[in-house]
Amino acid sequence: MSLVAASIVVLLMMALFLGAGVWIFAGLIMVGVGALYIVLDFDLIRIGTIATKVVSSSAVSWELAAIPVFIWMGDIIFRTDISQRLFRGLSPIVSRIPGGLLHTNVIGCTIFAAISGSSNATTATVGKITIPELLKRGYDLNLASGSLAGAGTFGLLIPPSIAMIIYGVLAEVSIVKLFAAGLVPGLLMAFLYSGYIIVVSFIKPGAEPANVEKASFRQMLRGVWDLVPILVLMLLVLGSIYSGLATPSEAAAVGVAVAILITVFTGQFSIKMIVDSLMTTIRISAMICLLIAAASFLSAAFAFMHLPVQITEAIANMNLSPIGVLVILALLYIVLGMFIDGTSMTVMTVPIAVPLIIQAGFDPIWFGVFLVIMIELSALTPPVGLNLYILQGLTTVGLGRTVWAALPFFLLLCLGTALLVIFPQLALWLPGLL
Amino acid sequence: MTDNNTQEDQSIKRPTPKWVSVLEMISSRLNRIAAGISAILLVLMVGLILVEIVLRFFSLSTFMTDVLVGHGVAAITFLAAAWALEEGSMIRISAVTQVLRGRVRWATEAFCIVSVEILIVWLMYFEWRTVGKLWARGSTTEHYLPIPLWIPAAIFLVGLALLGLQILVRGARLISHGYDENSLLKL
Amino acid sequence: EPVKWDFSDEYDLSGFTGQAAKHCIAEVEKIAGDDIDITYQGSGALGFSSADHFDAVQDGSVQAAVTLLTQLSGVDPIFSLSSLPFLANTPEQAYLLWQVARPEYEKVFEENGMKLLWAVPNAPSGIHAKKPITSVDAITGLRIRTYDVNGTETLKRAGAAPLQIAWSDLVPQLSTGGVDAVLTSADGGKQISIWDYLSDFTEVNYAMGIFVAHVNADAFDRLTPAAQTALTVTIDDCDAFNWEVMQKAMTSPYETMRENGMTITTDDEVPQEVFDHLREAASEVHKDWLEKTGERGAALLDAFEKAKMQ
Ligand code: NA
Ligand code: NA
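Cut-offs and rules
- Residues numbered from 1 in each chain as written.
- Chains lettered and ligands numbered in written order.
- Predicted model: local features only at pLDDT ≥ 70, side-chain atom pairs only at ≥ 80, totals over all residues.
- Heavy atoms only, no water.
- Helix = DSSP H or I, 4+ residues; strand = E, 2+ residues; numbered from the N terminus.
- Rg over C-alpha atoms; globule rule 2.2 N^0.38 Å.
- Areas by Shrake-Rupley, 256 points an atom, 1.4 Å probe, with all protein chains shown as cover.
- Lys, Arg positive; Asp, Glu negative; His and termini not counted.
- Charge placed at Lys NZ, Arg CZ, Asp CG, Glu CD.
- 1 Å grid on protein atoms, 1.4 Å probe; cavity = no way out; pocket = protein on both sides within 12 Å on 5 of 7 lines; lining within 4 Å.
- Points joined across faces, edges and corners; volume = space filled by probe spheres on them.
- Nonpolar A, V, L, I, M, F, W, Y, C, P; charged D, E, K, R; others polar.
- Pairing = 2+ DSSP bridges.
- Contact = heavy atoms within 4.5 Å.
- Axes fitted to C-alpha atoms, helices over the stretch in contact; angles between N-to-C directions.
- Buried area = accessible area lost by both parts, 1.4 Å probe.
- Salt bridge = Lys/Arg side-chain N within 4 Å of Asp/Glu carboxyl O.
- pLDDT = per-residue confidence, 0-100.
- Polar contact = N/O pair within 3.5 Å; in protein donor to acceptor, adjacent residues only side chain to side chain.
- Buried < 20%, exposed > 50% of the residue type's maximum accessible area, 1.4 Å probe, protein only.
- Right-handed = clockwise from strand over helix to strand, strands pointing away.
- Phe/Tyr/Trp six-rings, centres within 6.5 Å; stacked < 30°, edge-to-face > 60°.
- Lys NZ or Arg CZ within 6 Å of the ring centre and 35° of its normal.

**Student:** Can you break down the overall build of chain C residue by residue, with the values?
**Tutor:** Scanning chain C from N- to C-terminus turns up 11 helices and 10 strands. Whereas a compact globule of 310 residues would reach a radius of gyration of roughly 19 Å, chain C reaches 20 Å, a difference of no more than 12%. For chain C, the exposed surface amounts to about 12100 Å²; the carbon and sulfur share of it is 48%. Charge separation in chain C, taken as the distance between the mean sites of 22 positive and 48 negative side-chain charges, equals 3 Å.

Below you can see the structure in the form of structure tokens.
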């Protein structure tokens, strides 16, 4: 079967199973089984042995363990006043900037992203606090929800990051260097977002309520005090990585320990809180890890079909310039990202994309940052956009309006990507210092 | 966050037949037990990682943290999967199905349930053979504390069985109630 | 229409296993002509790690694969022979050990529905550290990263403080002083630019573990006679080629390492008392292995000693 025919078979099966609403982990395995059966004519016994072996052994991974541990840490923070203090502390500080409290979304997500490895956890945790407060005070709904949708994705770009751990494992590049590479682009995106909020609040009357009280210097100082717990957590998690105390995979455990200690010192510790957060954690991480295991089998099926090699050769034969390769990949990711979640997208494409971009002369560390931004984009595009769903749950307006609100921030992410392509040093400068 | 559309079919008002509620109860209890074990494993994993970090201060090591934690994350995943499915945390695409109505919608859900059930039972057959083979051969991992390889294989098998049972419950509800939303599956 | 096979490898074309597979597949296809078409699948593309290969090939999930032999000691302890510390000291001895033990390995593969083909040796592992290992004191308290149970056990007995760290976590640990030595080949050190963190490499010739290529027996039986012959007649050539590649790679990284300011201490510069001390520390590991393998193990060690005399 030719490359084109094989790809069409795979796409049709994906549309059939995923479109019909089959749970994605099962759908990915079915597509893999179907591809091996139809395209390669393997017998069913061989396919079954491959599927069980690959799914079961790809879930056994030291690096993967960071996922449940990071999610647990985020959930503990969410269940205590550490997260409310974040808003309380930021409010007076941003009150003098045009756009006022809208910046709590951007700065809150940036800070929270530095302790959490997940973008969903960042959006949900920060949003549950800021959105009701912003709407209560009469801020523009579109700006409030769009800036959160956009800034929530920093969870993946600003270290620590689950997406980077997964990419680092798959592409065999240093996870510490990847973490360092994401920091500057993450801060750049935060500036772009805050800049946009400032510009809009000048242009559009009513974006910000008229009667915002400007905080006194004293109130600002008290705000800083409120930020202490989260800054301590941030310093200890990142400090443990960069001092060599803990490896990137172990840092999440340090985060959990510190978060629990903070709840003990602030009198918020209870067995019930810990049990509740544990149960939420294993539910979400079972979903994510099973998805990764299923996607590993699909990747293996693609390798049996020699698809990665053939697609790589096909794109290589197009004799594209390096920028051409990037543009093709970016378009591919934006289309894929509409239908597939970021984790599956990473595991499915890395075996194909990484050899390609290395051939085109790009640094695999730099590409890791590029890929993470593509994943962030995918969280903002319908029909499958996890951040959109989370926001929809918070604001209770329709999906259409949520998508519209997120659009400017989607475009700002694209602008950021272009800057990253033009100035690769944005990503590569910091890891070069390590 | 995924199965959150609210259009209701008329058929869901019917009462639950006894056999369906018994099946539901069995599946749900087993899922909770497995999820509880997962939660305990997660606590142990975090503890083990912290012990390893502290030991390293004193130039000591357990020499097995990465192996045990690696197998731990697999065990958490497979044991908690059925419970996550029951609670509606397993993501699926609803963009197409939410615009469907009536019989088409019912048939689409039936297709999902039947195809996933076949897949899971089929995978269970192969995993059963693997457990048998590893048990007979007595293979272990190559580490300080040799873990018999049939144990992780058996955990995967248990996870598949729980998933299969939960899908069966959904099938039973589809027959007895017609199409309904995931939220109705909570007991 | 040629029979299509896949050849699974956890590592890629830049490593010893990849180079070996590429060479041997080309040789086989040269002889078998259009009867067989083998695709090399590196970087674990098929979803199997080296430790998974024994089952994957046995079940026919993939027809052929290359596997680090010592990872199979959970299947049969006989397989850790090749990684016993300080048993084979030179590439020649490692080759001899492979030849002596081959029939015993072959038996286990055959019992599990597989055929054993050629082997690929790893370059001998030495110690990368901040000082040359020229005295017993230099080993005492050394926070050294090891890669298997035997190495951990031996170095612990030798007075070092071996640590277990994933390869992906090694560089951050080196850069922050979490570890101050690494047990690996010169080539392994070169791959992670180890000169950024450590200054010395000492040839202690700790061990030369081997990888083996193995194929599914049923798949093999279904091949044409020409293809079957091609797979078997190339074995000796492949072994020879693989040993040659390894011997070149043993010292070729030295140049780059020296250029980057590292000091190489060769084995003849290491005092005999250091080797004696390390061997003594390894003797317990040897004893354990003999206990697990019984007469089979003892017979192999005898045969190896005799072969060395000749
Ligand atoms: Na983050
Ligand atoms: Na999307």
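**Student:** Explain empty space enclosed by the protein to me, using residue names and the numbers behind them.
**Tutor:** Applying the stated criterion to the full structure yields 13 cavities of 30 Å³ or more. Roughly 100 Å³ of internal volume is contained in the second largest cavity. Elements with a contribution of two residues or more to the lining of the second largest cavity: helix 2 (24–38) of chain A together with helix 2 (65–86), helix 3 (102–137) and helix 4 (150–177) of chain B. Here the lining of the second largest cavity takes four residues from helix 4 of chain B, the largest share from any one element. In terms of residue class, the lining of the second largest cavity is made up of 12 nonpolar, one polar and no charged.

**Student:** Would you mind going over the sheet that holds strand 5 (residues 126–129) of chain C in detail, with residue names and values included?
**Tutor:** Residues and elements named next belong to chain C. Within the open sheet, the five strands sit side by side as 6-7-5-8-10. Their pairing is mixed. This sheet does not close on itself; its edge strands, each paired only once, are strand 6 (144–145) and strand 10 (263–265). The pairing of strand 8 (residues 200–202) with strand 10 spans three bridges and is classified as parallel. When the bridges of strand 10 are listed, Thr 202 appears paired with Thr 265. Taken strand by strand, helix 10 (residues 235–259) contacts strand 5, strand 8 and strand 10, and its axis lies near 140° from that of strand 10.

**Student:** Before we move on, can you summarise the interface of chain C and chain A with the specific residues and values?
**Tutor:** As a measure of interface size, the accessible area lost when the parts come together is often cited. Of the residues lining the interface, 20 residues belong to chain C; the matching set on chain A comes to 21 residues. Of the roughly 1700 Å² buried where chain C meets chain A, counting both sides, 51% is carbon and sulfur surface. The tally of links between chain C and chain A comes to two salt bridges. Two residues, Asp55(C) and Lys53(A), come together in a salt bridge whose shortest N-O distance is 3.6 Å.

**Student:** I'd like to hear about the confidence of the model for chain C, residue by residue, with values.
**Tutor:** Summary statistics for chain C give a mean pLDDT of 92 and a share of 99% for residues scoring 70 or more. Two summary scores accompany this predicted model of the complex, namely pTM at 0.86 and ipTM at 0.88.

**Student:** I'd like to hear about the interface of chain B and chain A, residue by residue, with values.
**Tutor:** Tallying the contact residues gives 55 residues for chain B and 58 residues for chain A. Summed over both partners, the interface of chain B with chain A comes to about 5000 Å²; 83% of that surface belongs to carbon and sulfur atoms. The interface formed by chain B and chain A includes two salt bridges. Close ionic contact of Arg283(A) with Glu87(B) constitutes a salt bridge, the shortest N to O distance being 3.5 Å. The interface formed by chain B and chain A includes four residue pairs in polar contact (both at pLDDT 80 or more). Put simply, the parts of the chain that give the side of chain B that touches chain A at least two residues each are helix 1 (18–57), helix 2, helix 3 and helix 4 of chain B. Tallying contributions element by element places helix 2 of chain B first for the side of chain B that touches chain A, with 15 residues.

**Student:** Could you give an account of unusual backbone geometry, with specific residues and numbers?
**Tutor:** Of note, the bond from Pro159(A) into Pro160(A) is cis; its omega dihedral lies within 30 degrees of zero at -10°. Along the chain, Pro160(A) turns up in the loop between helix 9 (154–157) and helix 10 (162–171). Its identity as a non-glycine residue notwithstanding, Phe86(C) has a phi of 55°, on the positive side. Phe86(C) sits in the buried class, given a relative accessible area of 5%. The backbone of Asn205(C) shows a phi angle near 50°, a positive value even though the residue is not glycine.

**Student:** Lay out the pairing of strand 2 (residues 36–41) of chain C with the relevant residues and their values.
**Tutor:** All names here are of chain C. Two strands pair when backbone bridges link them, and strand 1 (residues 3–8) and strand 2 are joined in this way by six bridges, in the parallel orientation. Looking at the pairing, Val 3 lines up with Ile 36 of strand 2. With helix 1 (residues 16–32) bridging strand 1 and its parallel neighbour strand 2, the resulting β-α-β unit is right-handed.

**Student:** So, the sheet that holds strand 3 (residues 64–68) of chain C: which residues are in play, and what are the values?
**Tutor:** Strand pairs in the sheet, formed through backbone hydrogen bonds, run parallel or antiparallel to each other. Residue and element names in this part refer to chain C. Strand order across the open sheet formed by five strands is 2-1-3-9-4, with mixed pairing between neighbours. Strands at the two margins of the open sheet, each flanked by one partner only, are strand 2 and strand 4 (114–121). Taking each pair of neighbouring strands and ignoring which way they run, the sheet shows an average axis angle of 25°. Summarising the sheet, strand 3 and strand 9 (residues 210–216) pair through five bridges and their orientation is antiparallel. The residue of strand 9 that forms the bridge with Thr 67 is Val 212. Strands in contact with helix 10 are strand 4 and strand 9; relative to strand 4, the strand with the most contacts, it is inclined by about 25°.

**Student:** How would you sum up the side chain of Ser80(C)? Please name residues and give values.
**Tutor:** Residue and element names in this part refer to chain C. Along the chain, Ser 80 falls in the loop between strand 3 and helix 3 (91–111). The buried category is assigned to Ser 80, whose relative accessible area is 10%. With near-sequence residues (within four places) excluded, Ser 80 lies in contact with Thr 70, Ser 73, Asn 150 and Trp 289.

**Student:** Could you give me a rundown of the packing of aromatic side chains, with the residues and numbers involved?
**Tutor:** Inspection of every chain in the model, using the stated rule, returns 24 aromatic pairs over all chains. Look at Phe17(A) and Phe111(B): their rings are 6.0 Å apart centre to centre, the planes differ by 10°, and that puts the pair in the stacked class. Of this pair, Phe17(A) sits in helix 1 (residues 3–19) while Phe111(B) sits in helix 3, on two different chains. Exposure remark for Phe17(A): the relative accessible area of 13% places this residue in the buried category. Among the residues examined, Phe111(B) registers a relative accessible area of 31% and is labelled partly exposed. A ring pair is formed by Tyr196(A) and Phe409(A), whose centres lie 5.3 Å apart and whose planes are at 80°; its orientation type is edge-to-face. One end of the pair, Tyr196(A), is in helix 11 (residues 175–203); the other, Phe409(A), is in helix 20 (residues 399–422), with 213 residues separating them in the sequence. Put simply, the rings of Tyr167(A), Phe362(A), Trp366(A), Phe367(A) and Phe370(A) touch in pairs and so form one group of aromatic residues. Over the ring of Phe42(A) we find Arg46(A), and its NZ or CZ is 3.8 Å from the ring centre. It is Lys115(C) that lies over the ring of Phe220(C); its NZ or CZ is 4.9 Å from the centre.

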